[in-house]
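Structural overview for review
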Amino acid sequence: MDSKKINRIWTASLLVLGVVTVILTGAETVNIHLSDEAVRTLGILDLGAFSVLLYSTIMRLNQPK
C-alpha cells in the first residue's frame, strides 16, 4: 500500500477516535444524558476506528524506510 494512503487512514481513524472520545467524555462531564443507542453506536464506532488504527499502525511500522 502507498505510504500516503496508509497515513491518511491512520489520521482518519485517530481523528474518529478523538471525536468520539470528546463526545462521550464531554456529555458525561456536562451531565447530558445520551440514549443507550447513541452510547452503543459511538462505542461500536470507537472499536471500529481502533481496529483500523491498529492495522494502519502495523502497516506503517512494516514499511521499508
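Before any of the text, the structure's been laid out above.
Below you will find a few notes about this structure. (Residues numbered from 1 in each chain as written. Predicted model: local features only at pLDDT ≥ 70, side-chain atom pairs only at ≥ 80, totals over all residues. Heavy atoms only, no water.)

Overview of the overall build of the chain
Broken down by element type, the chain carries two helices and zero strands. For 65 residues, the compact-globule formula gives about 11 Å, and the C-alpha radius of gyration of the chain, at 15 Å, lies well above that figure. Its C-alpha atoms give the chain principal-axis dimensions of roughly 45 × 20 × 15 Å. Within the chain, buried positions represent 14% of all 65 residues. (Helix = DSSP H or I, 4+ residues; strand = E, 2+ residues; numbered from the N terminus. Rg over C-alpha atoms; globule rule 2.2 N^0.38 Å. Buried < 20%, exposed > 50% of the residue type's maximum accessible area, 1.4 Å probe, protein only.)

What about helix α2 (residues 36–61)?
Spanning 26 residues, α2 covers 37 Å between terminal C-alpha atoms, matching the ideal 38 Å at 1.5 Å per step. Among all positions of α2, only Leu42, Ala49, Leu53 and Ser56 are buried. (Expected span 1.5 Å × (residues − 1).)

Things to note about the side chain of serine 13
Mapped onto the elements, serine 13 comes out in helix α1 (residues 3–29). Its relative accessible area of 5% is what places serine 13 among the buried residues. Excluding anything up to four places from it in sequence, serine 13 contacts Ala49, Val52, Leu53 and Ser56. (Contact = heavy atoms within 4.5 Å.)

Some thoughts on the environment of asparagine 7
Take asparagine 7: it is sitting in helix α1. Overall, asparagine 7 belongs to the partly exposed group, its relative accessible area being 31%. Between the alpha carbons of asparagine 7 and threonine 57 there is a distance of 8.8 Å; along the sequence they are 50 residues apart.

So, unusual backbone geometry
Phi is positive for asparagine 31, close to 60°, though the residue is something other than glycine. Its place among the elements puts asparagine 31 in the loop between α1 and α2. Among the residues examined, asparagine 31 registers a relative accessible area of 69% and is labelled exposed.

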